[in-house]
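# Secondary and tertiary structure notes
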Amino acid sequence: MESTLRIALIYPDLLGTYGDRGNALVLAHRARARGITAEVVEVDARSSIPESCDIYLLGGGEDAAQVAAAEGLRLAKSSIERSLTAGSAIFAVCAGFQLLGNSYAAADGSELQGISLVDMVTTAGSDRIIGEVVIEPSQASGLPLLTGFENHGGRTLLGPGEAPLGRVIAGRGNGNGVDGVLRDGVIGTYLHGPALARNPALADYLIAYVTKSVLEPLADTLVDQYRKERLAFASLRGAKLKRATRNLHRG
Ligand code: GLN
């Protein structure tokens, strides 16, 4: 990696409906707080995706924006792959996450090809999934509980060789008990928030991966308070939901 951490915000004009741009700001801030020079490179939908960045960010979007984003991403597939092989990372949220897979079935029934970076398919669900999410990552990842907000119609099925980002504790994530995908240099998730603002450990995970360094912890008092509040809110809702379902089954 060159001395400046280059964070590519891919297609913020198409993919960034739920404040996902904040992920770039959080990464730059947390890198700079460790004395690492950081630059956010905005790549709009008319530009080609540069190969020279360290962290690539894809956000969420509605189906029409997602169709527009898919074409450019497919064209950039080999640059993205070369960059990942050279040690870069990609963090993709919701629509962006879905586009990393083989295909996405939109609500109107049309099928969109993804870039097949991850072996997974996304089908259209019968309802929209909206609400708070809590994810428990695998112990091996070293990541804490993750908090976020989801709003999507798609249901994502990972292929047998892929591992999720974590188990869903509250909310729905991929729609089958897990959320996202996690493998060397590739993280996908349904978490908006923006996810890296709510989960600084995830931001640090990405920075540490691409800089190949161990990062000094930062004082995250305010974020910690916010995380506590969000996690408590989600588990309360989860408990209420469980009670309601139990009562439904009884009745
Ligand atoms: N259009 C996609 C879906 O509904 C993604 C939505 C999103 O990015 N929030 O599943």
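None of the values given here were measured: they were computed from a predicted structure. (Residues numbered from 1 in each chain as written. Predicted model: local features only at pLDDT ≥ 70, side-chain atom pairs only at ≥ 80, totals over all residues. Heavy atoms only, no water.)

### Observations concerning the overall build of the chain
Counting its regular elements, the chain contains seven helices and 12 strands. For a compact globule of 251 residues, the expected C-alpha radius of gyration is about 18 Å, and the chain comes in at 18 Å, within 12% of that figure. Seen through its principal axes, the chain has C-alpha atoms that stretch 65 × 45 × 30 Å. Here the chain holds 251 residues, and the buried ones make up 51% of them. For the chain, contacts bridging at least 24 residues in sequence account for 68% of all contacts bridging at least 6. Total accessible area on the chain stands at roughly 11700 Å², and carbon and sulfur atoms take up 55% of it. Mean positive and mean negative side-chain charge positions of the chain (25 and 27 charges, respectively) differ by 9 Å. (Helix = DSSP H or I, 4+ residues; strand = E, 2+ residues; numbered from the N terminus. Rg over C-alpha atoms; globule rule 2.2 N^0.38 Å. Buried < 20%, exposed > 50% of the residue type's maximum accessible area, 1.4 Å probe, protein only. Contact = heavy atoms within 4.5 Å. Areas by Shrake-Rupley, 256 points an atom, 1.4 Å probe, with all protein chains shown as cover. Lys, Arg positive; Asp, Glu negative; His and termini not counted. Charge placed at Lys NZ, Arg CZ, Asp CG, Glu CD.)

### Remarks on the packing of helix α1 (residues 22–32) against helix α6 (residues 200–211)
At their nearest, the axes of α1 and α6 sit 10 Å apart, and the two run at 70 degrees to each other. Classified by the interaxial angle, the pair formed by α1 and α6 is roughly perpendicular. As for how α1 packs across α6, the hand of that crossing is right-handed. Residues Val26, Leu27, Arg30 and Ala31 of α1 lie in contact with α6, whose contacting residues are Pro200, Ala203, Asp204, Leu206 and Ile207. The residue makeup of the contact of α1 with α6, split by class, is seven nonpolar, no polar and two charged. (Axes fitted to C-alpha atoms, helices over the stretch in contact; angles between N-to-C directions. Parallel < 35°, antiparallel > 145°, perpendicular 65-115°, else oblique. Left-handed = near helix turned anticlockwise from the far one by under 90°. Nonpolar A, V, L, I, M, F, W, Y, C, P; charged D, E, K, R; others polar.)

### Observations regarding the packing of aromatic side chains
The tally for this structure, following the rule as stated, stands at one aromatic pair. Centre to centre, the rings of phenylalanine 97 and tyrosine 190 are 5.3 Å apart; their planes meet at 85 degrees, and the pair counts as edge-to-face. Here phenylalanine 97, found in helix α4 (residues 95–99), pairs with tyrosine 190, found in the loop between β12 (186–189) and α5 (195–198); they are 93 residues apart in sequence, far enough to count as distant. Over the ring of phenylalanine 233 we find arginine 230; its NZ or CZ atom is 4.5 Å from the centre of that ring. (Phe/Tyr/Trp six-rings, centres within 6.5 Å; stacked < 30°, edge-to-face > 60°. Lys NZ or Arg CZ within 6 Å of the ring centre and 35° of its normal.)

### Comments concerning unusual backbone geometry
Most peptide bonds adopt trans geometry, and most residues besides glycine take a negative phi value. Cis geometry is adopted by the peptide bond preceding proline 194, which originates at glycine 193 and carries an omega value of -5 degrees. Along the chain, proline 194 falls in the loop between β12 and α5. With phi around 50 degrees, cysteine 94 is a residue other than glycine that occupies positive phi space. With a relative accessible area of 5%, cysteine 94 lands in the buried category. We note that lysine 212 has phi near 50 degrees; this positive angle belongs to a residue other than glycine. You can see lysine 212 is positioned in the loop between α6 and α7 (221–250).

### Observations regarding the pattern of salt bridges
Under the definition given, this model contains 15 salt bridges. Between glutamate 136 and arginine 167 there is a salt bridge whose closest N-O contact spans 2.8 Å. Residue glutamate 136 is found in strand β7 (residues 120–137), and its partner arginine 167 is found in strand β9 (residues 166–170); the two are separated by 31 residues along the sequence. Here the salt bridges do not stand alone but share partners, grouping Arg30, Arg34, Asp204 and Asp220 into one network. (Salt bridge = Lys/Arg side-chain N within 4 Å of Asp/Glu carboxyl O.)

### Considering the site of the ligand
As a structural note, the neighbourhood of the ligand is formed by 16 residues, with Asp63, Gln66, Cys94, Asn151 and Gly154 the closest of them. Between the ligand and the protein, one listed contact pairs an oxygen atom with a backbone N or O atom of glycine 61 at 2.9 Å. When the ligand sits alone it has 300 Å² of accessible area, and the protein chains cover 99% of it. For the shell around the ligand, the elements supplying multiple residues, two or more each, are α2 (63–75), α4 and β8 (146–158). (Near = heavy atom within 4 Å. Polar contact = N/O pair within 3.5 Å; in protein donor to acceptor, adjacent residues only side chain to side chain.)

### What to know about the pairing of strand β1 (residues 5–10)
For a regular strand, the rule is simple: side chains alternate between the two faces of the sheet. Counting buried positions along β1 yields six of six residues, so the element is predominantly enclosed. Judged by which residues are buried, β1 turns out to be covered on both faces: Leu5, Ile7 and Leu9 on one side and Arg6, Ala8 and Ile10 on the other are all buried. In terms of handedness, the path from β1 via α1 over to strand β2 (residues 38–43) forms a crossover that is right-handed. Where β1 meets strand β3 (residues 55–58), three bridges bridge the pair, whose relative direction is parallel. Paired with leucine 9 across the strands is leucine 57, a residue of β3. (Right-handed = clockwise from strand over helix to strand, strands pointing away. Pairing = 2+ DSSP bridges.)

The values are spatial; any link to function lies outside them.
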